[in-house]
Amino acid sequence: MADDRGAFTLDVGVFPLQRLVFASQTHYQHETLGINRAAFLNVIAEPHAIAEIDIHLAHPGESCRIVHVLDAVPLMVKVEGRSTVFPGFVSPAIPVGTGRNHRLAAATVLVCGTFPDPTSGALSPVEAIIDMSGPAAAYCAFSDTANVVLVCHAAPGVTNAEFDAALQRVKLKAAVYLARTTANIDPPDLEHYHLRAVEPSLPRVVYVDLLHQQGLMAHTFLYGQHTQGLEPTILHPNEMLDGALVNGNYRAPGRGITYAHCQNSIVRELYRRHGREVNFLGVVIGRGWQDTQFLKERQGWMMARVACLLGAQIAIVTADMGGTGGNNTIDFMQTIKACEQMGLRTVAMLQESGNPDGSDPTLVDYVPEADALVSVGGVGWQTPAAPAVDRVIGGPTVRPSIAQDPLDASGSLQVESWYGAIWKRSELGLSAVDA
Amino acid sequence: MAEPLRVVHYINAFFGGLGGEEEAQTTLSLQDGALGPGRLLEQLLTDEGQVIATIMCGDGYFSEREEAVVTQVQGYLRDLKPDIFVAGPAFRSGRYGLACGRLCLEAERLGIPAVTGMHEENPGSDLYRPAHLYIIRTAASAVGMQPALQRMAALAVKRGRGLPLGTAAEEGFLPRAVRRTVRTGIPAAVRAVDMVLKKWRGETYRSELSVETFEIIPPPPPLSDPRKTLFALVTESGLVPRGNPDRLPAATATHWAKYAIAGMDRLVPGEWDGVHGGYDNTAALQDPNRVVPLDAIRALEREGLIGRLWDELFVTVGNLGSLNAMKRMGAEIAGLLVERGVGAVILPAT
Amino acid sequence: MLATCLYTVATRVGANRIVRGGKFHHPFGNPDLPPREEYAFRYAFVQQTIRALCTPVQQPTVFDVETSVVA
């Protein structure tokens, strides 16, 4: 797949952002993004499913807590080339990965909301919180970015599925609209993404990720469609940078995030080393969280066979970009095993579970082939309590556990995991040792 | 300069210097001061600690009267109120390791920090590590006495003084089912690519998480003729006669029991109970043959398709089982079966 | 010969002959079936265990009740 004819060449112009403000015009200048509230709402409204969208702005260092977080999206737009970013949502599902994008650095659109119909069991959203300052901020993703927060209220009579579909459109339209303010400006910084042909002796590496997909509340979308029946397939890393994968998974605050798909850390690292230490072939994705032992094992082999068909010699394996746990540990281990048995050398990145003090078994399943593991530790371990805050965005109460009553969102809080914890821990370089 | 810590040391009779065939049966005793390896322990503690008393017991005596011994040792510890309890090191000696582990657990329960030492493969290590005990990793034999006691003494002092501990690797103890977050300063993606490139090049690397691997068990050859074979039923399902006469626990079992099934055509509902804490036993109580298929096996016996079924059912509980405890029990049961001429085992598992 | 549902754990630990049948709450049963059918299932399962014991294997091998060797 390493193609030097330029078929998958993507340039990304990166614009710094320090400040978000409401303004009379939606405009980017001097590292500040001004937003005209009415015009913005006009573009992103989904009146059939969403009665109201409250827009808030949050900056790092503020005494501010954002609750009921569902997803974070990078501000980006395709200014040249085929298709658009987030294909299949804001456009037809036409292949991406080429042309030129503009992206606002260190900024997100955050979407928050409460689903209209109550749910229980596995397919339920779980409380997700970001503190923009204080001891917990270090453990939250996006406490260090300027965030445009969209708090969405469901229209009467709308179903959870309709609400969810509308949320996807709202957040992605918002991200594109805001990034478009930079369309006619020369970027100070230009990143170039192309997998050039390299020394044949370099080891051929694929990134293998089992997507978290179980149903509504636990979707991962590929080109606008959820991946419930996805047989393993190949992505060019530029497709991920272009938002081909969108998150609709709200099952655990530590897990899937659209921003993390678009800025996937393993993809970025392999690109960095491409041509020097590795030959980055591409990405293999498939659906994790399979329903039976048979399907879990089968998927492991199906992922491995695609990696082999690509010609890979090395596989870097994750499930949900590190958010593996529970019964999906079996799918994850089966994938590692299958890759190793088909001749690939693997390393796998994962989070650990266990009690808050780090005790008890941290892995529920294991294969002997999983002999190279990188851990981000346990997201629930030793997380600091957060003090009361001046300002809460998203709602007056929080409910981190269904076993507890709702708590005052502005008060001091002790939660097991903060939003984006796995992504954050992996970026920060947190790990764990036997103690 | 702080007061020396008051240390109580547990050793077995062998290390207490008693020899002969009967030393394993030596009665539990409490003596003033240090004895045997306790003297070296005291030297290594320097002025940080003093061995005020030594508890000694034969390994056989301990293993046959575990609960009674534990009760007495609890009494000693309550009276002596030591700052630390040190046991062993037991190296590879299984019964000694089990005793050290149990007594350390009891000390911890009394609020007394405890340290022991044994080889990684000692059954006591596997049984007691999940209880988060501090077990210094030692050599397989007493050749490693000095380094073992050195590390045990150092760890005991830290624990006794409430000083912060290093990681398992730094302090020298076996992983004890506790993990601690560390800041590596390097993003996970970078560490992952670094690690796999080392693996690819055949260089040494260290996985950040390791889990037990299991020995390969060579498969026995197939039966030449099942019609001439004596079969036995062994189960970890915890299916026991009503009332659980041998007190099998719901989890982490360390003993097994056998029950007569001679003359039984099937297991009769109401006569059996499922005590294994890891599965819903509703179906098993309605019909225990769903777990231990005695009815079907008797049919095969009558039809001459198998030789005969041994007239005892062997039972333990596999829930949250310690690997080494299960190994030991499996070996004990297998030894008995081999003596009886049993050629094949059917093992229902839940 | 080990009869179990969760056979990946069994193969990992090194059990060499594994027969896979009902759910782990009742490896030799199937409460969804009427009693006669359930006994027939159990009888077939037990026969399969005998067959497994008579089959040469090189490594942990899983036998299904319905079909022959799986893995």
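Up top you'll find the structure we're talking about.
Residues numbered from 1 in each chain as written. Chains lettered and ligands numbered in written order. Predicted model: local features only at pLDDT ≥ 70, side-chain atom pairs only at ≥ 80, totals over all residues. Heavy atoms only, no water.

Participant: Report on the interface of chain B and chain A, specifying residues and quantitative values.
Facilitator: Contacts between the two partners involve 38 residues from chain B and, on the opposite side, 48 residues from chain A. Taken together, the two surfaces of chain B and chain A that pack against each other cover about 3700 Å², and 61% of this comes from carbon and sulfur. Between the two partners, chain B and chain A, sit six salt bridges. We note a salt bridge from Arg-179 of chain B to Glu-352 of chain A, for which the minimum N-O separation is 2.7 Å. Counting every contact that joins chain B to chain A gives 22 residue pairs in polar contact (both at pLDDT 80 or more). Of all the secondary-structure elements, those providing two or more residues to the side of chain B that touches chain A are β7 (179–183) and α8 (188–201) of chain B. With 13 residues, α8 of chain B is the largest single contributor of residues to the side of chain B that touches chain A. In terms of residue class, the side of chain B that touches chain A is built from 21 nonpolar, seven polar and 10 charged. By the bridge criterion, five bridges tie strand β24 (residues 430–434) of chain A to β7 of chain B in an arrangement that is antiparallel. Counterpart to Leu-430 of chain A in the pairing with β7 of chain B is Arg-183 of chain B. (Contact = heavy atoms within 4.5 Å. Buried area = accessible area lost by both parts, 1.4 Å probe. Salt bridge = Lys/Arg side-chain N within 4 Å of Asp/Glu carboxyl O. Polar contact = N/O pair within 3.5 Å; in protein donor to acceptor, adjacent residues only side chain to side chain. Helix = DSSP H or I, 4+ residues; strand = E, 2+ residues; numbered from the N terminus. Nonpolar A, V, L, I, M, F, W, Y, C, P; charged D, E, K, R; others polar. Pairing = 2+ DSSP bridges.)

Participant: I'd like a rundown of the interface of chain B and chain C, residues and numbers included.
Facilitator: Frequently, the measure chosen for interface size is the accessible area removed from exposure when the parts meet. On the side of chain C, 31 residues touch chain B, which itself brings 35 residues to the contact. Both faces considered, chain B and chain C share a buried interface measuring about 2600 Å² in area, 63% of it formed by carbon and sulfur atoms. Applying the counting criterion to the chain B and chain C interface returns three salt bridges. For Asp-295 of chain B, the salt bridge goes to Arg-42 of chain C, with nearest N and O atoms at 2.9 Å.

Participant: So what's going on with empty space enclosed by the protein? Residues and values would help.
Facilitator: Residue and element names in this part refer to chain A. Taken as a whole and judged by the stated rule, the model has four cavities of 30 Å³ or more. For the largest cavity, the lining is made up of 17 residues, of which Ala-260, Asp-320, Met-321, Ile-422 and Trp-423 are closest to its centre. Mapped by element, the contributors of at least two residues to the lining of the largest cavity are α5 (265–273) and α8 (421–428). For the lining of the largest cavity, the element with the highest residue contribution is α8, accounting for three residues. By residue class, the composition of the lining of the largest cavity is eight nonpolar, seven polar and two charged. (1 Å grid on protein atoms, 1.4 Å probe; cavity = no way out; pocket = protein on both sides within 12 Å on 5 of 7 lines; lining within 4 Å. Points joined across faces, edges and corners; volume = space filled by probe spheres on them.)

Participant: Can you explain the nonpolar core? Please cite residues and give values.
Facilitator: Ranked by size, the top nonpolar core spans 76 residues in total, and within it Ile-66, Ile-130, Phe-142 and Leu-270 of chain A carry the most contacts. The element contributing the most residues to this core is α8 of chain B, with seven residues. The two domains that each donate at least three residues to this core are domain 1 (7–193 + 384–417) and domain 2 (195–380 + 429–435) of chain A. Discounting residues that sit within four places of it in the chain, Ile-130 of chain A has contacts with Cys-64, Arg-65, Ile-66, Val-69, Leu-110, Cys-140, Ala-141, Phe-142, Ser-143 and Tyr-419 of chain A. Counting 59 residues, the second largest nonpolar core, distinct from the first, contains Ala-34, Val-51, Phe-91 and Tyr-128 of chain B. (Core = buried A, V, L, I, M, F, W, Y, C linked by side-chain atoms within 4.5 Å. Buried < 20%, exposed > 50% of the residue type's maximum accessible area, 1.4 Å probe, protein only. Domains from an automatic or database assignment.)

Participant: Describe α8 of chain B, listing the residues and the values that go with them.
Facilitator: Residue and element names in this part refer to chain B. Taking 1.5 Å per residue as the helical rise, α8 with its 14 residues ought to reach 20 Å, and the 20 Å between its terminal C-alpha atoms agrees with that figure. Burial within α8 is extensive, with 10 of its 14 residues counted as buried. Taken together, the buried positions of α8 are Ala-188, Ala-189, Val-190, Arg-191, Ala-192, Val-193, Met-195, Val-196, Leu-197 and Lys-199. A positive backbone phi angle near 80° is found at Gly-202, which sits one or two residues after α8. (Expected span 1.5 Å × (residues − 1).)

Participant: Account for the packing of aromatic side chains, naming residues and giving values.
Facilitator: All names here are of chain B. One pass over the structure, following the stated rule, counts 20 aromatic pairs over all chains. Between Tyr-10 and Tyr-96, the ring centres sit 6.3 Å apart and the planes meet at 55°, which makes this aromatic pair tilted. Taken together, the residues span a long stretch of sequence, with Tyr-10 in strand β1 (residues 5–12) and Tyr-96 in helix α4 (residues 94–109) at a distance of 86 residues. Residue classification places Tyr-10 among the buried positions, given a relative accessible area of 0%. (Phe/Tyr/Trp six-rings, centres within 6.5 Å; stacked < 30°, edge-to-face > 60°.)

Participant: Give a detailed account of the sheet that holds strand β13 (residues 218–222) of chain A, specifying residues and quantitative values.
Facilitator: Strand-to-strand pairing in sheets goes through backbone hydrogen bonds, with the strands running parallel or antiparallel. All names here are of chain A. Taken together, three strands build an open sheet; the order of strands is β14-β13-β16 and the sheet is antiparallel. Looking at strand neighbours, the two that pair on one side only are β14 (225–226) and β16 (245–249), the edges of this open sheet. In this sheet, β14 lies alongside β13 in antiparallel orientation, the contact comprising two bridges. Bridging from a neighbouring strand, Leu-222 pairs with Gln-225 of β14. The sheet contacts of helix α2 (residues 160–179) involve β13 and β16, and relative to β16 the element is tilted by about 135°. (Axes fitted to C-alpha atoms, helices over the stretch in contact; angles between N-to-C directions.)

Participant: Account for the sheet that holds strand β15 (residues 233–235) of chain A, with residues named and values stated.
Facilitator: All names here are of chain A. Strand order in the open sheet made by the six strands is β15-β17-β12-β18-β19-β20, with mixed pairing throughout. In this open sheet, the two strands that pair with only one neighbour each are β15 and β20 (373–378). Taken over all neighbouring pairs, the strand axes of this sheet differ in orientation by 20° on average, direction set aside. Of the pairings in the sheet, the one linking β15 to strand β17 (residues 279–287) comprises three bridges and is antiparallel in character. Along β17, the bridge assignment pairs Leu-235 with Val-283. Docked against the sheet, helix α6 (residues 293–310) engages β12 (204–211), β15 and β17, running at close to 155° with respect to β17.

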